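Report on the structure
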Amino acid sequence: MTVAPKPTAAPVPTLGARPAPVGVPARPAPRAETAERRTLVVGRGISLQGTVTDAERLVVEGTVESQMIQATELFVAQAGVFKGEVQVEDAEIAGLFDGTITTRGSLVIRATGRVTGTARYRKLQVEEGGQVSGKMEMITEGAAPPVRLPAAAAES
């Protein structure tokens, strides 16, 4: 009696990186430190008003109205709306931003993005079709952040 040879196990296919969900930019595989970032996602159809603290990355697919948000990254999706003031390292705007944005790194305005108000940035990239209206200020290495004077002092 002969014993049939055991079939060799077929190699298990490895899955590549999962595609990004709709409205979230495709990014390279996250580094270990990036994967552990505290991320707040304001989903489509959701409205948030108030102050966001302790979020390193803010993804806006719905609507956010805020007096001041400080984070490392801001992403406003194509259907997203951000109204208010934000200070971040890097920002990517594919939807509507209305207010004051300060990026200590780069500000990227996608083809579907619209920025109105005041934008301060170290690096700026605007894709064809992206819209910018308002005050634009480039942050240079030696420049101090702008000082705001009280309204009474500014009138004198």
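Up top is the structure these notes are about.
What follows is about the pattern of salt bridges. Under the definition given, this model contains seven salt bridges. Measuring nitrogen to oxygen at the nearest pair gives 3.1 Å for the salt bridge that ties Arg-120 to Glu-137. Highlighted residues: Arg-120 in strand 9 (residues 114-126) and Glu-137 in strand 10 (residues 131-138), separated in sequence by 17 residues. Taking the shortest distance from any N to any O, the salt bridge between Glu-137 and Lys-135 comes out at 3.2 Å. Because the salt bridges share partners, they merge into one network encompassing Glu-92, Arg-110 and Glu-127.

What follows concerns the pairing of strand 5 (residues 73-76). The two faces of strand 5 match: Glu-73 and Phe-75 on one face and Leu-74 and Val-76 on the other face are all buried. The sheet contact formed by strand 3 (residues 57-60) and strand 5 spans four bridges and is parallel. Residue Val-60 lies in a different strand from strand 5, and its bridge partner there is Val-76. Relative to strand 7 (residues 90-93), strand 5 is paired through four bridges, and the arrangement is parallel. By the bridge assignment, Leu-74 is partnered in strand 7 with Ala-91.

Calculation notes
Along each chain, residue indices are assigned from 1 in the same order as the chain's sequence is written. pLDDT decides what is reported in this predicted model: residues at 70 or higher carry local features, side-chain atom pairs at 80 or more are listed and counted, and totals for whole chains, interfaces and linings draw on all residues regardless. As a rule here, side-chain values cover all heavy atoms of the structure and leave hydrogens and water aside. Salt bridges are defined by distance alone: a side-chain nitrogen of Lys or Arg within 4 Å of a carboxyl oxygen of Asp or Glu. Secondary structure elements follow DSSP: runs of H or I of four or more residues count as helices, runs of E of two or more count as strands, with numbering from the N terminus. Three exposure classes are used, based on accessible area relative to the maximum for each residue type with a 1.4 Å probe and protein chains only: buried under 20%, partly exposed in between, and exposed over 50%. Pairing between strands requires that DSSP locate at least two bridges from one strand to the other.

Without other data, these values stay purely geometric and don't point to any function.
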